[in-house]
Amino acid sequence: MHNFEANYNKILETLQLNIDASNFITQKRKPKLSDIELIAVGLTAEYMGVDSEHQLFRDLQSTRFFNLIDRTVYNRRKRGLVIHIERIRVILSEKINPYEDYFVVDSMPLEACKLSRSLRSKICKEDFYSAPDRGFCASQQMHFYGYKLHAVCSVQGVFKSLDISKASVHDIHYLKDVKHQLSNCVLLGDKGYLSKHYQIDLFETAEIKLETPMRINQKNYKKQPYIFRKSRKRIETLFSQLCDQFMIRRNYAKSFLGFKTRVLSKITALTIIQFINKFSFNRNINKLKINIT
């Protein structure tokens, strides 16, 4: 698990077998490291828990990559490939779960910086529409400054859809996007998604049946079935793995594009490990702290 080149070769092989092109952006001069190789370097670093680019390039000194790319060039090219990293994640996730009728929706807080530094911080404030703001996480009873990660995953634990919003945006507004991405399925959510209006809209628009637990003081209260409550915990486990192994709550980015690339790279790394677990080793896809070589 600690051999960078061995892990890189396995991840690169998986990418090359499932992605047609090796270069996604046309350049005047052919780069020493192709786009798919550069993405593989980033995904390998995320899998191995190398969370800092400074530390990554210290580790690369003993490998063949050290003379192939400069740290500044790596950072710029990686941010330019964010759309293609997302496309890779979608391709792999669809192959893991080609047919799925049940999904889980939830959100988690992503801090841009500590709340005490929010007034003087300039992180990700280059544009108003993408600037972070203050929000409240009801499940953790905490105020924070930054963004929210909204996600839909299958009951098997594979991310289907993702989005990042300002911290003050309510979870329920994400359902406006979900109805254009899913159809003819059951969507499990917590009490934050409880809304008769959205429930009817999802069903009439895309035949999505939204299942949420009722509040105790609601009329005709009925406890949600155990199988739904158990299945809904899958996305919470995924969020915990992202926080623990992939350290998604750490932020070293200074721009929103860098922040978005950082978050997406971690989720794509999680997805490719799930893919390798299923198709290379035929084992539980959610065992992520495991050797892939």
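For the structure given in this document, a descriptive report is provided here. From a predicted model like this one, the values you see are computed outputs, not experimental measurements. (Residues numbered from 1 in each chain as written. Predicted model: local features only at pLDDT ≥ 70, side-chain atom pairs only at ≥ 80, totals over all residues. Heavy atoms only, no water.)

## A word on the overall build of the protein chain
Scanning the protein chain for helices and strands turns up nine helices and six strands. The C-alpha atoms of the protein chain give a radius of gyration of 20 Å, which matches the 19 Å a tight globule of 293 residues would have. Principal-axis analysis of the C-alpha atoms places the extent of the protein chain at approximately 65 × 50 × 35 Å. Across the 293 residues in the protein chain, those meeting the buried criterion constitute 51%. Counting only carbon and sulfur atoms, one obtains 50% of the accessible surface of the protein chain, whose full area is about 15,500 Å². Counting 48 positive and 29 negative side-chain charges, the protein chain places the centres of these two groups 4 Å from one another. (Helix = DSSP H or I, 4+ residues; strand = E, 2+ residues; numbered from the N terminus. Rg over C-alpha atoms; globule rule 2.2 N^0.38 Å. Buried < 20%, exposed > 50% of the residue type's maximum accessible area, 1.4 Å probe, protein only. Areas by Shrake-Rupley, 256 points an atom, 1.4 Å probe, with all protein chains shown as cover. Lys, Arg positive; Asp, Glu negative; His and termini not counted. Charge placed at Lys NZ, Arg CZ, Asp CG, Glu CD.)

## Here's the deal with the pattern of salt bridges
Enumeration according to the criterion identifies twelve salt bridges in this entry. Between Asp35 and Arg77 there is a salt bridge, with the nearest N and O atoms lying 2.7 Å from each other. Placement of the pair is Asp35 in helix 2 (residues 35-47) and Arg77 in helix 4 (residues 71-80), with a sequence separation of 42 residues. Residue Asp35 is classed as buried on the basis of its relative accessible area of 1%. Overall, the relative accessible area of 12% leaves Arg77 in the buried class. With a shortest N-O distance of 2.4 Å, Asp51 and Lys266 are connected by a salt bridge. Of this pair, Asp51 sits in the loop between helix 2 and helix 3 (53-59) while Lys266 sits in helix 9 (residues 256-279); the two residues are 215 residues apart in sequence, bridging distant segments of the chain. Both residues of the pair, Asp51 and Lys266, belong to the buried class. Residues participating in the shared-partner salt-bridge network are Glu46, Asp51, Arg262 and Lys266. (Salt bridge = Lys/Arg side-chain N within 4 Å of Asp/Glu carboxyl O.)

## Comments concerning the pairing of strand 2 (residues 133-137)
In the sheet, strand 2 pairs with strand 3 (residues 142-154) via five bridges, with the strands oriented antiparallel. Paired with Gly135 across the bridge in strand 3 is Phe144. Remark: four residues form the turn of the hairpin made by strand 2 and strand 3, two consecutive strands paired antiparallel; Gln141 in that turn has positive phi of roughly 50 degrees. (Pairing = 2+ DSSP bridges.)

## What to know about the packing of aromatic side chains
As enumerated under the stated definition, the model contains five aromatic pairs in all. Relative to Tyr74, the ring of Phe57 has its centre 5.5 Å away and its plane inclined at 70 degrees; by these criteria the two rings are edge-to-face. One end of the pair, Phe57, is in helix 3; the other, Tyr74, is in helix 4, with 17 residues separating them in the sequence. The exposure classification of Phe57 matches that of Tyr74, with both residues buried. A centroid spacing of 5.3 Å and a plane angle of 45 degrees characterise the contact between Tyr147 and Phe256, whose relative ring orientation is tilted. Of this pair, Tyr147 sits in strand 3 while Phe256 is found in helix 9, placing the two residues 109 residues apart along the sequence. Accessibility classification places Tyr147 together with Phe256 in one group, the buried group. Among the aromatic residues, those joined into a cluster by ring pairs are Tyr147, Phe256 and Phe259. The cationic tip of Arg283 hangs over the ring face of Phe281; the distance from NZ or CZ to the ring centre is 4.1 Å. (Phe/Tyr/Trp six-rings, centres within 6.5 Å; stacked < 30°, edge-to-face > 60°. Lys NZ or Arg CZ within 6 Å of the ring centre and 35° of its normal.)

## A word on empty space enclosed by the protein
Under the criterion given, the structure shown has one cavity of 30 Å³ or more. Put simply, the largest cavity is a space of about 40 Å³. Here the element with the most residues in the lining of the largest cavity is helix 2; it accounts for four residues. For the lining of the largest cavity, the class distribution of residues is five nonpolar, two polar and one charged. (1 Å grid on protein atoms, 1.4 Å probe; cavity = no way out; pocket = protein on both sides within 12 Å on 5 of 7 lines; lining within 4 Å. Points joined across faces, edges and corners; volume = space filled by probe spheres on them. Nonpolar A, V, L, I, M, F, W, Y, C, P; charged D, E, K, R; others polar.)

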